[in-house]
Amino acid sequence: MKFIIKKITGLIIALLIVSILAFLAFEIIPGDPARTILGTEATEAKVEALRDEMGLNRPLTVRYGEWVKNFVSGDMGTSYSYQIPVKELIADKIPITVTMTVMSFLFIVLLSIPLGVLCVYYENHMLDRIFLALNQVLMSVPPFFIGMLLTVLFGLVFHFFTPGGYISYTENLAGFLGYLLLPSLAIALPKAAMTMKMLRSSMLDQLGQDYVRTAKSRGNGPWRVLFVHVFKNGFLPVITFLGVMIADVIANSIVIEQVFGIPGLGRTLISSISKRDYPVVEAVIVLIAIVILVTNAVVDLLYRKLDKRIEI
Amino acid sequence: MKRRGTAILLVLTVVLSVALNGCSGDKNQTASATENELSGKPVEGGSIRVGISQDLDSLDPHKAVAAGTKEVLFNIYEGLVKPDKDGNLVEAVASSYEISEDAKVYTFTLRDGVQFHNGKDVTAEDVKYSIDRCADTSDGEPFVSAYSIIESVNILDEKTIEIRLTEPNTEFLAYMTTAIIPEGYEELETAPVGTGPFVFESRSPQENIVLKKNESYWGEKAHLDEVEFKIVADADMVVTNLKGGSIDMYMRLTSAQAAELTKGFHIEEGTMNLVQALYLNNDAEPLNNEKVRQALCYAVNPDEIMAMIADGKGVRVGTSMYPGLKKYFDESYTNYYEQDYEKAKELLKEAGYPDGFDLEITVSSADQPHVDTAQVIAEELKNIGVNVTIKPIEWEAWLEDVYAGRNFQSTVVGVDASNLSARAMLERFVSDAEGNFINFKDEKYDEIFKEAISTVDEEKQTELYKELEGILAEKAANVYIQDLANLVAVSDKYDGYEFYPLYVQDMSTIYMVE
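Owing to the predicted nature of the structure, the values given are computational and were not obtained by experimental measurement. (Residues numbered from 1 in each chain as written. Chains lettered and ligands numbered in written order. Predicted model: local features only at pLDDT ≥ 70, side-chain atom pairs only at ≥ 80, totals over all residues.)

(A) Main features of the overall build of chain A. Counting its regular elements, chain A contains 13 helices and zero strands. Along chain A, helices (α) and strands (β) appear in the sequence α-α-α-α-α-α-α-α-α-α-α-α-α when read from the amino end. In terms of principal-axis extent, the alpha carbons of chain A reach across some 85 × 55 × 35 Å. A burial count over chain A gives 36% of its 312 residues as buried. (Helix = DSSP H or I, 4+ residues; strand = E, 2+ residues; numbered from the N terminus. Buried ≥ 20, exposed ≤ 12 C-beta atoms within 10 Å, placed from the backbone.)

This is how it looks when you write it as structure tokens:
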């Protein structure tokens, strides 16, 4: 219980800091939402009038206080550029980004764990080396480039999918999931490579331990030793790594959404930043921060459950 | 062991490069094979997906400002009159109009049988409401600043409406393209209703906007049943998306992008209807010296810029008027300054800068043609000792610092016209004009402009406008470059694309071919 209270207080403080920073960032960067809305034809008087109407002429602290008050009561404000409630705008986008994040995460886990164990089993064999080399390549290529590569390869050469042919989940769920396969893979590949490398070295570390020799001498086969004994211990540090990875996956999905033309949270965030659509940006940033903080808390909790020696 | 690792890496590299070559090889093969000949016959119906680079800034036609939004909304809304592809104003919601001798009273007769998309007939009340909404000054300034000269909008009878102006204005018809909307209708932002050839169907932010054919359109009905404008946010994916078939059409391609689309597409070439120039802050040292500005004009060669950035595509301009506005465009200024480095250096010496000076060019980083142009200019100016630094900034920052704040030395940008009048291009250079971001000040210019806008005789007025263009060229207000080429890729499944002398994408003329 104490642990949970501690975590929640930390979470709230972190969220406050994130939202303040997001507010401040817009104070510092040039560009005025009112002028952006009105464009080049606008006169000074018109811009001033709109600023007044939008409440931008009030001091920063007042605006922030009001935003926090509204946010807590569930009101995220109205988007400047779409004139619809931010909540409504984001609600349509969340399923897209969440699906993509979950799919990427599944790819990471499903690719890295079996391959990692396989590489440990075949340590220094041909197979191990091929995967290590492939790992190096994948880790050094940024996801957006992998994305472009996959698009060209599967879209224009093999014609397995239509580049930019995003299908909305409201229209056709299977088509939607199908379209998200490649972008999720593009995000997952470099991360899976890292996870696999980490699992491999962590398990190899364990292999040198005394308990492994004991387990072997008891007549356990090599696969059983690997999966039952070594994997359990070797996987612990990887869990932390996977937790941190969630943040990375979300960050990468922002870029990948641009490449694949997916109208998710990331693309909404980027276009809202350039349009100085503060209410949307604030809400998206805080949402992402919540997701990341909560996952980290869950990872901590999980970690403690798995390894009783750890005190948090 | 180590060596084997390297060998594997090598193999991988080869595999990867083969895969990559596979894609580019494909391109080379098709380059020679296709001729963009259309053999099919037009068919009615079908749908098209058009890629656009940005989401629309507003669906309210009176509030939308981005050119990319207006060109889409053109399909949904109409004014009393609307522009046609030749740059004329043709009757739309109005069937005829009359302008009084003194150019102070405009009388419009409404067309019979024009219906809004919600099925209601357009009435004189709707027209009055729409114009009054744009002329409303309760927020300080009207939506359309030119409407500040409207004295009153009067409904004469069911079908006739009269607009009285406080001062004579022969070009006011160009402003009557303002969209007519249903009286008191409040949901324009989410459910637009107009009278145009297409009806708003749906919109998903950051994804698309879908229009359907207006079956009860008063004029020539559209050929296509459905048009989807799809947002392609990543410029690098445009060609891939076109080739992959997720979009059928895309406007404003670079010449490099167009060159890649050899198979299955035809490229329509037009102009963007803007004046691209190195705009000079006439108040900033040393650009406040006319000779310095002229020296820059002599040093910059628009033909060289076009050759470098767009394979020579584009149309040279020599003053603040683009060729699309045929009536007003004066060709004689196009080659007013021919590149001559010696003459430029001499002018700089006369102005007191024999060793040149430092010049900062601010440019919106997202506009690749302008960034490229700035780079060519920087090289050209080196020849006369002018040392250029290019400062790329975000468009929003450009609006605030350069355009509104006028805090810049020079900038490369394209300036367009909001309607088909010469005034739309030339008014901004009047000394105290709000849009005069280059701080151009010339008494003679102000005088002639005043005379021009109050001249009722059309021919004389055009002469005066041309005189103004001459002043801008002679005084080297800016280093004028070109009207950029507008390359439009259209899938071979479609034809009928038309260019307009304004920011317009008319989807009603496009049809599918068999």
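(B) Representation of the sheet that holds strand 1 (residues 42–43) of chain B in the model. All names here are of chain B. The strand order 1-22-21 describes an open sheet built from three strands, whose pairing is antiparallel. For this open sheet the edge positions go to strand 1 and strand 21 (494–495), each flanked by a neighbour on one side alone. Across two bridges, the pairing between strand 1 and strand 22 (residues 511–513) is antiparallel. Looking across to strand 22, one finds that Pro-42 is bridged to Val-513. (Pairing = 2+ DSSP bridges.)

(C) Structural view of helix 10 (residues 395–404) of chain B. All of the buried residues along helix 10 of chain B are B:Glu396, B:Trp398, B:Leu399, B:Glu400, B:Val402 and B:Tyr403. The elements touched by buried residues of helix 10 of chain B are helix 2 (33–38) and helix 12 (265–274) of chain A together with strand 16 (358–364), strand 17 (387–393) and strand 18 (410–416) of chain B. Once helix 10 of chain B finishes, B:Arg406 follows within two positions and takes phi at roughly 55°, a positive value. (Contact = placed C-beta atoms within 7 Å.)

(D) Structural view of the domain arrangement of chain B. Residue and element names in this part refer to chain B. Looking at chain B, the domain boundaries give domain 1 (3–191 + 486–512) and domain 2 (274–483). Here domain 1 and domain 2 have C-alpha centroids that lie 28 Å from each other. Facing 17 residues of domain 1, the contacting portion of domain 2 comprises 14 residues. Tallied by class, residues from the side of domain 1 that touches domain 2 come to ten nonpolar, four polar and three charged. (Domains from an automatic or database assignment. Nonpolar A, V, L, I, M, F, W, Y, C, P; charged D, E, K, R; others polar.)

(E) Structural context of the interface of chain B and chain A. Taken residue by residue, the interface counts 44 residues in chain B and 45 residues in chain A. Sorting the residues of the side of chain B that touches chain A by element identifies helix 1 (2–33), helix 4 (238–244) and helix 10 of chain B as the ones contributing at least two each.

(F) Here's a closer look at the environment of B:Asn335. Assignment of secondary structure puts B:Asn335 in the loop between strand 15 (315–316) and helix 8 (341–351). Sequence spacing of B:Asn335 and B:Asp60 is 275 residues, and the spatial spacing of their C-alpha atoms is 41 Å.

(G) Up close: the sheet that holds strand 16 of chain B. Residue and element names in this part refer to chain B. Read across the sheet, six strands follow the order 15-19-14-18-16-17 without closing on themselves; strand pairing throughout is mixed. Only two strands of the sheet have a single partner each, and these edge strands are strand 15 and strand 17. Note: strand 14 (residues 274–280) against strand 18, seven bridges, orientation antiparallel. What sits directly across from Tyr-279, in strand 18, is Thr-411.

(H) Quick peek at the UniProt feature "transmembrane region" (unreviewed entry) in chain A. All names here are of chain A. As annotated in UniProt, the feature "transmembrane region" (unreviewed entry) corresponds to residues 12–29, 102–122, 143–161, 173–193, 234–260 and 280–303 in the numbering used here. Within residues 12–29, the helical portion is 94% and the strand portion 0%, while the C-alpha atoms at the span's ends are 26 Å from each other. From the first C-alpha to the last, residues 173–193 spans 29 Å; its make-up is 100% helix and 0% strand. (UniProt positions renumbered as here; feature names shortened; annotations may be inferred.)

(I) Main features of the environment of B:Phe437. Residue and element names in this part refer to chain B. Inspection of the secondary structure assignment puts Phe-437 in the loop between helix 11 (423–426) and helix 12 (443–454). For the pair Phe-437 and Ile-471, spaced 34 residues apart in sequence, the C-alpha to C-alpha distance is 17 Å. If we skip the residues at most four places from it in the chain, Phe-437 touches Val-402, Tyr-403 and Arg-406.

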